[in-house]
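# Structural description and commentary
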Amino acid sequence: MHTQTEKRQETPPESLDAIRSEIDRLDDALLDLLEQRIAASIKVAALKQADGGGRLRIRPAREAAIIERLTARACHASPALVAQIWRAVMAHSVQTQVRMELVLCTSGDRPALLKEVRTRFGEAAPLSWAASAAEALEAARTREAVAVVEPALLAEPAADDTISVFDAIRDGEGRVLALALGRVAPEDRLLEREAAR
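Since the structure is predicted, the reported quantities are computational estimates derived from the model, not experimental observations. (Residues numbered from 1 in each chain as written. Predicted model: local features only at pLDDT ≥ 70, side-chain atom pairs only at ≥ 80, totals over all residues. Heavy atoms only, no water.)

### Let's talk about the packing of aromatic side chains
Per the counting criterion, the structure on display carries zero aromatic pairs. The side chain of Arg120 reaches across the aromatic face of Phe121, ending 4.4 Å from its centre. (Phe/Tyr/Trp six-rings, centres within 6.5 Å; stacked < 30°, edge-to-face > 60°. Lys NZ or Arg CZ within 6 Å of the ring centre and 35° of its normal.)

Written as structure tokens, this is what we have:
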């Protein structure tokens, strides 16, 4: 009777070419699935456009729930990799629905904020810098835009009937660098969801 170790030693290792062929097959399958996901996003866009409502196309709470679910399912992929990939996919999906922009305002470290904003929202959305918090908030009120504003710069009320704070942009140590504001439904406000936990 052979032990498991002996059986493994008897099984010839796969060739490098065979493993590379498997990776190529998996890459093709991933692309096929990505194409299907983007096609589904386009269908969502059509339904949202018919529905109207004046809200942004992003759904922060849904995005967080998707990443949380997939991170819990992952065996080999790190949570950071899962979050990075799905944030990128979701950001590009939003851009297929509508051109949503990010409007940033800080008196602090712009490169640090930019890095964390791209980590949170992905690379797909166009980004601009506002000269004032009021300018960033006006973009969030009147355009398909998310305002990302340093909290100390929010002299006027951050929330009103049109926009609300829905997320915090944090650095690697958990400090809040900026608040994300936009026209999202109350159930999509991540800060309220976190507070309820």
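### Concerning a negative patch on the surface
A cluster of acidic side chains, namely Asp24, Asp27, Asp28, Asp32 and Glu35, defines a negative patch on the protein surface. Along the polypeptide, Asp27 turns up in helix H2 (residues 16-51). (Patch = residues over 30% accessible without salt bridge, like charges linked within 9 Å, V, L, I, M, F, W, Y side chains within 5 Å. Areas by Shrake-Rupley, 256 points an atom, 1.4 Å probe, with all protein chains shown as cover. Salt bridge = Lys/Arg side-chain N within 4 Å of Asp/Glu carboxyl O. Lys, Arg positive; Asp, Glu negative; His and termini not counted. Charge placed at Lys NZ, Arg CZ, Asp CG, Glu CD. Helix = DSSP H or I, 4+ residues; strand = E, 2+ residues; numbered from the N terminus.)

### Considering helix H5 (residues 110-121)
With 12 residues, H5 extends 16 Å between its outermost C-alpha atoms, agreeing within 8% with the 16 Å of an ideal straight helix rising 1.5 Å per residue. For H5, the N-terminal capping position is held by Asp109, with its side-chain oxygen 3.3 Å away from the main-chain nitrogen of Ala112. In the stretch just after H5, Gly122 is the one whose phi turns positive, near 80°. (Expected span 1.5 Å × (residues − 1). Polar contact = N/O pair within 3.5 Å; in protein donor to acceptor, adjacent residues only side chain to side chain.)

### So, the pattern of salt bridges
Following the criterion strictly, the structure yields 10 salt bridges and no others. A salt bridge links Glu22 to Arg25, with the shortest nitrogen-to-oxygen separation between them at 2.8 Å. Of this pair, Glu22 and Arg25 both sit in helix H2, three residues apart, which is roughly one turn of that helix. Here Arg183 and Glu144 are joined by a salt bridge, their closest N and O atoms 3.5 Å apart. Highlighted residues: Arg183 in the loop between strand E5 (176-182) and helix H7 (190-196) and Glu144 in the loop between helix H6 (133-142) and strand E3 (145-149), separated in sequence by 39 residues. The exposure class assigned to Glu144 is buried, which follows from its relative accessible area of 17%. One network of salt bridges, in which partners are shared, links Glu63, Arg120 and Asp167. (Buried < 20%, exposed > 50% of the residue type's maximum accessible area, 1.4 Å probe, protein only.)

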